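Residues per chain, in single letters:
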Amino acid sequence: MTYTMEEKCWIWLATLKGLGDKAFRSLIEALGSAQAVRQAALQSPGDLPLEENVKAQMARTLSPDYLDRLAAALDRRGIVAVTPMNPQYSGLLAQLPDAPVLLYAKGDLSLMQSPGLIAVVGSRSATRYGQKAAYQLARDLAMQGVTIVSGMARGVDSYAHQGALAAGGKTIAVLGCGVDVIYPPENGALYDQIAEQGLLLSEYLPGAEPLKGHFPERNRIISGLCHGVLVLEGGERSGSRITANLALDQGREVMAVPGNIDLPLSYTPNQLIREGCALITSAQDVMEAMGWANAQASVQQKKPAAQQPRRQEAPEAEEPIRVTPGKPTADETKIMGMLSMGPA
């Protein structure tokens, strides 16, 4: 991957541990560009309004060849760093005030510009009904040219990705860990297939573990990438509910598949339907709710009708973390160590 000098400096700045997105944006706004920030770090680092640990990282990474070494380390792992300057960075995502300043990607970047993007979300502990519905709806939507977006978690997410791939369609997985980390570990084959036929995305540094707090954070990317969000199963205080809330705040269409009234996992989709979201029982229902004749034609985004943002609830507890990352080269380990990232 070839990066411009501004992109290289942007990537360098985004990989500084402890520099949050808010501070990142403040620096860019104050100095005008990532190159200007790097120049200031070279000439007058004391003037930068940053924590001392961030300044120390800057000082360790200012050698003339560091930017090229960082880019080369990403290339060797098959990872592309996608900045907002990249024309393939999602236009929908870029509109959000909390859009990620950098995305790490494996696969087909052009999928972020797909004319029809639908997120399919639901419980990790999906029922057989939820699994079947996720698979069939994703498969049928993919057959009509829709790109399916989900989080590659157990349950609904995995079945949605599988359904899209089974149809020969396209799918995007937004991970709550580094883009080079397979989680859950049993999804290794699915991970490889998405990397080959779809797109893997993460805002977290390569090698980042799937920490509990990452999952509700990444949900804004799942909904933000898409024109609409389809909810299948989720309890009252579930990640599915959080994603639906985020989608409403972002002006996305929210739809839901009704569930068994006797099951707690049916709470979120049934409640969303009560609140005015479209009731979905087929792929055609989704196409009609979105106002799409065919996702391969021009897509006109449809705004939710008279729906107010919902208060976000805490997500369900995450499952035990098991990580199976790839093994880095000696040079990658050195570079990642300089970034205080640790080996992947």
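Residues numbered from 1 in each chain as written. Predicted model: local features only at pLDDT ≥ 70, side-chain atom pairs only at ≥ 80, totals over all residues. Heavy atoms only, no water.

### What to know about the overall build of the protein chain
Then step 1. A tally of helices and strands in the protein chain yields 14 helices and nine strands.
Then step 2. Expressed as a percentage of its 344 residues, the buried residues of the protein chain come to 56%.
Then step 3. In the protein chain, once contacts between residues fewer than 6 apart in sequence are set aside, the share between residues at least 24 apart is 76%.
Then step 4. Taken as a whole, the protein chain presents about 14,100 Å² of accessible surface, with 52% of it coming from carbon and sulfur. (Helix = DSSP H or I, 4+ residues; strand = E, 2+ residues; numbered from the N terminus. Buried < 20%, exposed > 50% of the residue type's maximum accessible area, 1.4 Å probe, protein only. Contact = heavy atoms within 4.5 Å. Areas by Shrake-Rupley, 256 points an atom, 1.4 Å probe, with all protein chains shown as cover.)

### So, the pairing of strand E4 (residues 147-150)
Then step 1. Residue alternation in E4 divides its side chains into two sets, Thr147 and Val149 and Ile148 and Ser150, and both sets are buried.
Then step 2. Two strands pair when backbone bridges link them, and strand E3 (residues 117-121) and E4 are joined in this way by three bridges, in the parallel orientation. Residue pairing in the sheet places Leu117 in a bridge with Thr147 of E4.
Then step 3. The β-α-β motif built from E3, the intervening helix H7 (residues 128-143) and the parallel element E4 has right-handed crossover chirality.
Then step 4. The pairing of E4 with strand E5 (residues 171-174) spans three bridges and is parallel. Across the sheet, the residue bridging to Ser150 is Ala173, located in E5.
Then step 5. Each parallel crossover has a hand, and for E4 linked through helix H8 (residues 156-166) to E5 it is right-handed. (Pairing = 2+ DSSP bridges. Right-handed = clockwise from strand over helix to strand, strands pointing away.)

### What about the packing of aromatic side chains?
Any pair of aromatic rings gets described here by the distance separating the centres and the angle formed by the planes.
Then step 1. Considering all chains together, one arrives at two aromatic pairs under this definition.
Then step 2. Taken together, a centroid distance of 4.8 Å and an interplanar angle of 65° make the contact between Trp10 and Phe24 edge-to-face. Of the two residues, Trp10 sits in helix H1 (residues 5-14) while Phe24 sits in helix H2 (residues 21-31), which places them 14 residues apart along the sequence.
Then step 3. On the basis of relative accessibility, which here comes to 2%, the residue Phe24 falls in the buried class.
Then step 4. Pairing Tyr183 with Phe215 gives two aromatic rings, centres 6.0 Å apart and planes at 50°, and the pair type is tilted. One end of the pair, Tyr183, is in the loop between E5 and helix H9 (188-197); the other, Phe215, is in helix H10 (residues 214-224), and 32 residues separate them in sequence.
Then step 5. Over the aromatic face of Trp12 sits the side chain of Arg38, whose NZ or CZ is 4.8 Å from the ring centroid. (Phe/Tyr/Trp six-rings, centres within 6.5 Å; stacked < 30°, edge-to-face > 60°. Lys NZ or Arg CZ within 6 Å of the ring centre and 35° of its normal.)

### Quick word on the confidence of the model for the protein chain
Then step 1. Residues at a pLDDT of 70 or more form 85% of the protein chain, whose mean pLDDT is 87.
Then step 2. Contacts from residues 338-344, a stretch scored under 50 in pLDDT, to residues over four places away or in other chains number 23 contacts. (pLDDT = per-residue confidence, 0-100.)

### As for the side chain of Thr171
Then step 1. In this structure, Thr171 sits in strand E5.
Then step 2. We classify Thr171 as buried; its relative accessible area is 0%.
Then step 3. In this view, Thr171 contacts Leu111, Thr147, Ile148, His161, Ala164, Leu165, Ile194, Gly198 and Leu199; residues no more than four positions away in its chain are not counted.

### Some details on the nonpolar core
Then step 1. Of all hydrophobic cores here, the largest spans 78 residues; its most connected members are Trp12, Leu13, Met58, Val149, Ile172 and Leu225.
Then step 2. Top contributing element to this core by residue count: H1, with six residues.
Then step 3. Setting aside its immediate chain neighbours within four residues, Met58 contacts Trp12, Leu13, Leu16, Val37, Ala41, Leu48 and Leu50.
Then step 4. By size, the runner-up hydrophobic cluster in this structure holds 25 residues, among which are Ile118, Ala138, Val156 and Val257. (Core = buried A, V, L, I, M, F, W, Y, C linked by side-chain atoms within 4.5 Å.)

### Topic: the environment of Asp68
Then step 1. Relative to the assigned elements, Asp68 resides in helix H5 (residues 66-76).
Then step 2. A relative accessible area of 44% means that Asp68 is categorised as partly exposed.
Then step 3. When the C-alpha positions of Asp68 and Lys8 are compared, they lie 7.8 Å apart, and in sequence the two are 60 residues distant.

### Some remarks on the pattern of salt bridges
Then step 1. Considering all chains together, one arrives at eight salt bridges under this definition.
Then step 2. With a shortest N-O distance of 2.6 Å, Asp68 and Lys8 are connected by a salt bridge. Of this pair, Asp68 sits in helix H5 while Lys8 sits in helix H1; the two residues are 60 residues apart in sequence, bridging distant segments of the chain.
Then step 3. The partner of Glu203 in a salt bridge is Arg220, with the nearest N and O atoms 2.8 Å apart. Separated by 17 residues along the polypeptide, Glu203 in the loop between strand E6 (199-202) and H10 and Arg220 in helix H10 bring together distant segments of the chain.
Then step 4. On the accessibility criterion, Glu203 (17% relative accessible area) is buried.
Then step 5. Residues participating in the shared-partner salt-bridge network are Asp98, Glu203 and Arg220. (Salt bridge = Lys/Arg side-chain N within 4 Å of Asp/Glu carboxyl O.)

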